[in-house]
Structures are given as structure tokens and as C-alpha cells.
Amino acid sequence: MRYKRLLVILLIIAVLCVAVACNDDSDTQNPDNQTPGTQLPDGQNPTGNDNDQGNGETDGEPDGDAGEGEDEGGGNVTTYESDGTFYYSSNAEGYTLISAVNENLNVANIPETFNSKPVTEIGEEAFRLAPWLSDVTVPSTVKVIREQAFSLCRNLTSITFAEGSELVSIGDNAFRAAENLQAIVLPDSLLSVGADCFNEAEALANVTCSNVIRIGRDAFDNTAYIQKQYELPGIIVIGKTAYAYVEVDGGAANLDVYEGIESIADGAFEDNDTIVSVTISSTVSHIGEGAFAYCDNIQSIRVDAANASYYSQDNAVLQEVSGGIRLLRGVDAIPEGVTEIAAKAFSGSAKVVNVEMSDEITALGAEAFAECLNLTSVVLSDGLTALESFVFSGATSLQNVTVSPGIRSVSGTAFSGCTALSTVTIDSPFVIEEADMSMDVGHLLQWAETVYIPKALTAEELSAAKKELESKLTGEELAAAISELESYNSNLKNAYSAYLAAEFTETDDPGMPGYRVFVRNDK
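> I keep staring at the overall build of the protein and nothing clicks. Help me out?
If you tally the helices and strands in the protein, you get 6 helices and 36 strands. Burial statistics for the protein: of 523 residues in total, 48% are counted as buried. Counting contacts in the protein only where the partners sit at least 6 residues apart, residues at least 24 apart contribute 45% of the total. By element, 45% of the accessible surface of the protein is carried by carbon and sulfur atoms, the whole surface being about 23,100 Å².

Here's what the structure looks like:
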């Protein structure tokens, strides 16, 4: 036990050093499953949009006259100009069309150029809810159609892409609920179609799509085109992408993602409980997020040895990434050498019982172990910095978890529905500092019966820890680390005081001499 306490102290020191020296690094991890060699435009999935699917109408027109827009505080937001038909804002390559001047525009013939520069983008919500828009022509210069650009254009019947189109990406919800659009020929240059892109475009019956290798979740759902595809059993393929799977006679399925398919869409086979085995061919170069999520009955998964992008080991699909190995889908174990576990990687797996993560693992995606009903215990990696949303949600057999020292935050939904989670050990100084957070649904301590928190450092231990920091840091970094150490030690003395004092009674556990032990009062 003394060895364990010393180890925890050393880990805390290491964490404090990293926190001070690399304070801004925690937001730089990129969990996106990018396929090497495929270049999509910067900002393909722009942030800051509220993604509102509601019925509130907007006029699609910038406030005020053409010029420089201002926010409520008087700060500059964007600069826009007009040719009398459309408003534009400049971008790195030319111009983005941001809206029509006349909200009742019937035909939109988007020009190739404005101010002698190419029009390269159609902006977010550019024509959203345009009530009379029926026909659109997109010039060859447009490379990106942003999120919700034509969503809720209920009278849109025709969209034509010019010959030689350079279009690469169409954003989320771009044509959602364009309910009178019956056919579309997507250009050969197009690589990416966003989530819900054509969802609820109910009349859409004919889609020509040749080279798309990334399709977002539910991109073509609720269209006549997809409904027709569901009439035949097997894999539904759009372009070169496996979009969904239709069960054969309702029996157990051995899913073969056959040669010629180059991509698997986000959530393509999600929630399919008939699939018992998976074989991925050599031609697949992209597997979307959650492609096999919540496929509860998968027993085995194999990637063709000739595949250049992915490989399989210990019933898991793996991908070499910068600095390590990402696990995209597993069945029952984490193979040696894995450094990242993708979102939904083990979600729904009935074969996961105990999880012990090596300290090499530095990223754990949302819902990674959600609804693993037989999972009973978890040892987290010391390399992790966060527990994401719903990461263990619905793991109803999970009984104990230890929050390792490096974890800086725990999502409020990380443990939602973990009704058997009775023992929680918190070694992280950052989680302990959030001493009085509310016990919302899914909170780490919602179901806890016993909580272990390290005892405060003795004067001797605190002095030794400061000397250790002095050997690693200098100047302002040293001062900041010592300040954090002292703050952490203070929190150890008063950890969870407001909540634990009301709900728990502090006691002793001879088997854990280096810890304060709290037992819930009603147990």
C-alpha cells in the first residue's frame, strides 16, 4: 500500500508538470478518423452553427446595407458585398455566397466569379427556408456547400452542377427536407456528403453518385431512393460507400464488405443485432464513426491482409495514425500497442467483461463502452485526460472504477445508467478540485456506495513533492506547479465536503491506508 501511495504521489507530480508546461494542449487532440491521402477543404465541418432544424424562418439576408457587419457589442463580424442578386464574403480562395438579396428568389444561377475572383463556397444556411426557390445552378468553381445551405427549401425541384465541377464536400443537412427534389446528379469530384444531407427529401428517387467515399450518418434516410434500396437484401452501396445493410431472411449474418467498396458510412451498420461476423476487404480505405456501433452480437471481425489502411488483431479493427494505433471497433479486448480508442468502439459488445487499459492509451472516445452490459470493472489509463460523454453509459454491471491522476474532466453523462457502480476511487487532482459539483444523472458518484480519495500529503511528503518539482521546473512554471500542488493538497483535506458530508460518512479501510474512505449513509 505504501508503494501504491508513493506511486500516486509521483503520478500527481508528473500530471502537474504536464499541466503547467502544456496547459493549452488538452484541446489539440483530433479524434477524427481521417484517411491518409484524402484531402478535404479546411473547415469542411464548420463550428458555431446552431444546427437548428426548427421551423423559425429567417430572411437569409445580412442586417443593414452591404458593408461591414457588427455584433451587438459593436465588434466586427464579417464583411459582405453584393452584386445585386447575392451577398458575398471573402475567403482565402475567393468568395463565399452567403445569401440572396431577394428572399423570394425563384431561380438561383450562381456566378462563377465575383469581383474577378472565383465563388468557391455556398455558405451555411445561404438559402435555408427560401420559400420560392425552385432551380439552382452551381458553377464549377464551387468546392464546398456548407451546412444547411438549402435545407427546408420545400419547392426546390432542380439543382445542376456545371461541367468540370470542383465540388468536394457537401455539409450536414445541406438539402434536408427539400421535399420536392426528385433527382440529383452529384459531380465526380465529390468526396464527402455530410450527416442528414438529404434526409427527409422524400421525393428524391434518383441519385447519381460515383466517387463519394465519406457519407455522414443518415445522409439519405427518408428518401424514395433509399426506401427502394431497402427492398433488396445485402449491403446498400451509394457510390463506392457501404451505406447500410439489409438482413437476409432475418437470420444471423456474416457481413462481407466486399472488394470494390472503398468506404463505410458513419453508423452504416449501427444497431444491427443480426451481424455475428465481419470481413472487411482490401479496398476499404475509410471506416466512418460508429460504423459497427451497438452491433451486440458480433463475435469476430477480420480485415483482409492486403488492406493498406486498416488491419485486424485480437478481433479488433485497427489503424495506424500519427503517434500510435487507433482502435475503431473491438469485440472483447484491447490489443497491445493501442493508443486511441475511437468513439463507440466497443459499444453494445456483450463479450467485454473486464477492461484494463495500458498507459499508452491517451484518447477514449464518447460512448466507447456504452451499453456493454457484462462489463464489471475498469482500470483506466494514466495517459487519459478526459472521460467523454456517455463513455460507459448503460454499463449496468460495472461495479468499480478508478479515476487515474491525469484525468482533468469527467463528463456529466459518462456513467449514466451505471446502476451497479458501487466503488469509486478518485486519484485525479483535477476531478477532486471539482469538489462540490452537483450529482446530476450520470455523474461519477450518482450510484456510488463507497468512495476512496487519497489522504492529504503529510508535511514530509509535501516537501518531497516540491523538491521533485524543483528538479523538473523553473521560474514561473515552477511557481505555478507548486501553487497547484498546494491547492490540490488543500482539496484533499476537504474533498467533496459539501456533498459527501450530507450523503456519506467517513470511515477507515485497513486495506486502503493511504485513502480517505466515504460510505454512503443509506448503505
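There is more to say, and it comes next.
> How should I be thinking about the sheet that holds strand β26 (residues 340-341) in this particular structure?
In spatial order, the strands read β23-β24-β25-β26-β28; together these 5 strands make up an open sheet with mixed pairing. If you trace the sheet from one side to the other, it starts and ends with β23 (311-312) and β28 (363-364), each paired once. Two strands pair when backbone bridges link them, and strand β25 (residues 324-330) and β26 are joined in this way by 2 bridges, in the parallel orientation. Bridge pairing in β26 places L327 opposite I341.

> Sorry, what's going on with the nonpolar core here?
Counting 78 residues, the largest nonpolar core has F127, I145, F150, F220, F269 and F292 as its most contacted members. Top element by residues in this core is strand β17 (residues 241-246). It accounts for 5 residues. Ignoring anything within four residues of it in the chain, the contact list for F150 reads I122, F127, L133, V136, I145, L156, I159, A174, F175 and R176.

> Even after reading the chapter, I still don't get a negative patch on the surface, so can you show me in this structure?
The grouping of E247, D271, D273, D296 and E371 at the surface amounts to a negative patch. The residue E371 is located in the loop between β28 and β29 (377-379) in this model.

> Got a minute to help me understand helix α4 (residues 459-470) in this structure?
Residues three or four positions apart in an α-helix share a direction because the helix packs 3.6 residues into each turn. Here α4 spans 17 Å end to end across 12 residues, near enough to the 16 Å set by a 1.5 Å rise per residue. For α4, the full list of buried residues reads E461, L462, A465 and L469. Along α4, the residues classed as buried sweep out an arc of 100° about the axis, all on the same side. Facing away from the buried side of α4 by more than 90 degrees, the exposed set consists of A459, E460 and K467.

> How should I be thinking about the sheet that holds β29 in this particular structure?
Strand pairing in a sheet relies on backbone hydrogen bonds, with the paired strands running either antiparallel or parallel. With mixed pairing, the 7 strands of this open sheet are ordered in space as β27-β29-β31-β33-β34-β36-β35. On the outer flanks of this sheet lie β27 (354-356) and β35 (504-507), each paired with one strand and no other. In this sheet, adjacent strand axes meet at a mean angle of 15° when their direction is disregarded. Bridging between strand β31 (residues 400-403) and strand β33 (residues 423-426) involves 4 bridges; their strand directions are parallel. Its bridge partner lying in β33, T402 is registered against T425.

> In this structure, what is going on with unusual backbone geometry? I would like to understand it.
Both trends apply: most residues other than glycine have a negative phi, and most peptide bonds are in trans. The phi angle at A177 is positive, at roughly 60°, despite the residue not being glycine. By the element assignment, A177 lies in the loop between β11 (169-170) and β12 (183-185). Its identity is not glycine, yet F390 carries a phi of approximately 55°, on the positive side. By the secondary structure assignment, F390 is in the loop between β30 (386-387) and β31.

> When you look at the pattern of salt bridges in this model, what are you seeing that I'm missing?
Note that side chains of opposite charge can pair when their charged atoms are close. According to the stated counting rule, one finds 13 salt bridges in the structure shown. For E93, the salt bridge goes to K143, with nearest N and O atoms at 3.3 Å. With a gap of 50 residues between them, E93 in the loop between β3 (86-90) and β4 (95-100) and K143 in the loop between β8 (135-138) and β9 (144-145) connect regions that are remote in the sequence. Note on E93: relative accessible area 48%, which makes it partly exposed.

> Help me understand the side chain of S349, please; the structure alone is not making it clear to me.
Positionally, S349 belongs in the loop between β26 and β27. Classification of S349 by relative accessible area gives buried; the value is 3%. In this structure the side chain of S349 is engaged in a polar contact, spanning 3.3 Å, whose partner is the backbone nitrogen of K351. In this structure S349 touches D296, R329, V331, E371, C372 and L373, once residues within four positions along its chain are discounted.

> When you look at the pairing of strand β18 (residues 253-257) in this model, what are you seeing that I'm missing?
Regular strands place their side chains on alternate faces of the sheet. Every second residue of β18 is oriented toward a common face, the buried set being A253, L255 and V257 and the non-buried set N254 and D256. In the sheet, β18 pairs with strand β20 (residues 275-280) via 5 bridges, with the strands oriented parallel. Residue pairing across strands places A253 opposite I275, the latter belonging to β20.

> Explain the environment of A205 here, please?
Position of A205 among the secondary structure elements: in the loop between β13 (192-193) and β14 (206-208). Considered as a pair, A205 and Q227 are 22 residues apart in the sequence and their alpha carbons are 8.8 Å apart. Each residue touching A205, except ones within four places of it in the same chain, is listed here: Q182, A224 and Y225.

> It is not clear to me how the environment of A108 should be interpreted in this structure. Could you clarify?
Relative to the helices and strands, A108 resides in strand β5 (residues 107-109). Those residues within four positions of A108 in sequence are excluded, and the remaining contacts are F86, F127, L133, D135, V136 and T137.

> Sorry if this is basic, but what is going on with the packing of aromatic side chains here?
To describe a pair of aromatic rings, one takes the distance between the centres and the angle between the planes. The final tally for this structure, using the stated rule, is 17 aromatic pairs. For the ring pair Y88 and Y95, a centre distance of 6.3 Å and an interplane angle of 75° mean the geometry is edge-to-face. Judged by relative accessible area, Y95 falls into the buried class, the value being 7%. Aromatic rings pair up to connect F86, Y88, Y95, F114, F127, F150, F175, F198, F220, Y225 and Y243 into one cluster.

> In this structure, what is going on with the side chain of S381? I would like to understand it.
The residue S381 is located in the loop between β29 and β30 in this model. Within the structure, S381 has its side chain in polar contact with the backbone oxygen of S358 (distance 3.0 Å). Within the structure, the side chain of S381 is placed 2.8 Å from the backbone nitrogen of G383, a separation counted as a polar contact.

> Just to check I follow, could you spell out the environment of R302 for this structure?
Tracing the sequence through the fold places R302 in strand β22 (residues 300-303). Judged by its relative accessible area of 44%, R302 falls in the partly exposed class. Distance from R302 to V278, taken between C-alpha atoms, is 6.2 Å for residues 24 residues apart in sequence. Leaving out residues up to four positions away in the same chain, R302 has contacts with V278, T279, I280 and S312.

> Explain the confidence of the model for the protein to me, please; I cannot follow it from the model alone.
Regions with low pLDDT carry predicted coordinates that are not meant to be interpreted in detail. Looking at the protein, pLDDT values average 84 and 81% of them are 70 or higher. Here residues 68-74 is modelled with pLDDT under 50, and outside its nearest four sequence neighbours on either side it reaches 12 contacts, counting other chains as well. Contacts for the low-pLDDT stretch residues 435-441, under 50 throughout, to residues beyond four places or in other chains number 15 contacts.

Cut-offs and rules
Residues numbered from 1 in each chain as written. Predicted model: local features only at pLDDT ≥ 70, side-chain atom pairs only at ≥ 80, totals over all residues. Heavy atoms only, no water. Helix = DSSP H or I, 4+ residues; strand = E, 2+ residues; numbered from the N terminus. Buried < 20%, exposed > 50% of the residue type's maximum accessible area, 1.4 Å probe, protein only. Contact = heavy atoms within 4.5 Å. Areas by Shrake-Rupley, 256 points an atom, 1.4 Å probe, with all protein chains shown as cover. Pairing = 2+ DSSP bridges. Core = buried A, V, L, I, M, F, W, Y, C linked by side-chain atoms within 4.5 Å. Patch = residues over 30% accessible without salt bridge, like charges linked within 9 Å, V, L, I, M, F, W, Y side chains within 5 Å. Salt bridge = Lys/Arg side-chain N within 4 Å of Asp/Glu carboxyl O. Lys, Arg positive; Asp, Glu negative; His and termini not counted. Charge placed at Lys NZ, Arg CZ, Asp CG, Glu CD. Expected span 1.5 Å × (residues − 1). Arc of directions from axis to C-beta. Axes fitted to C-alpha atoms, helices over the stretch in contact; angles between N-to-C directions. Polar contact = N/O pair within 3.5 Å; in protein donor to acceptor, adjacent residues only side chain to side chain. Phe/Tyr/Trp six-rings, centres within 6.5 Å; stacked < 30°, edge-to-face > 60°. pLDDT = per-residue confidence, 0-100.

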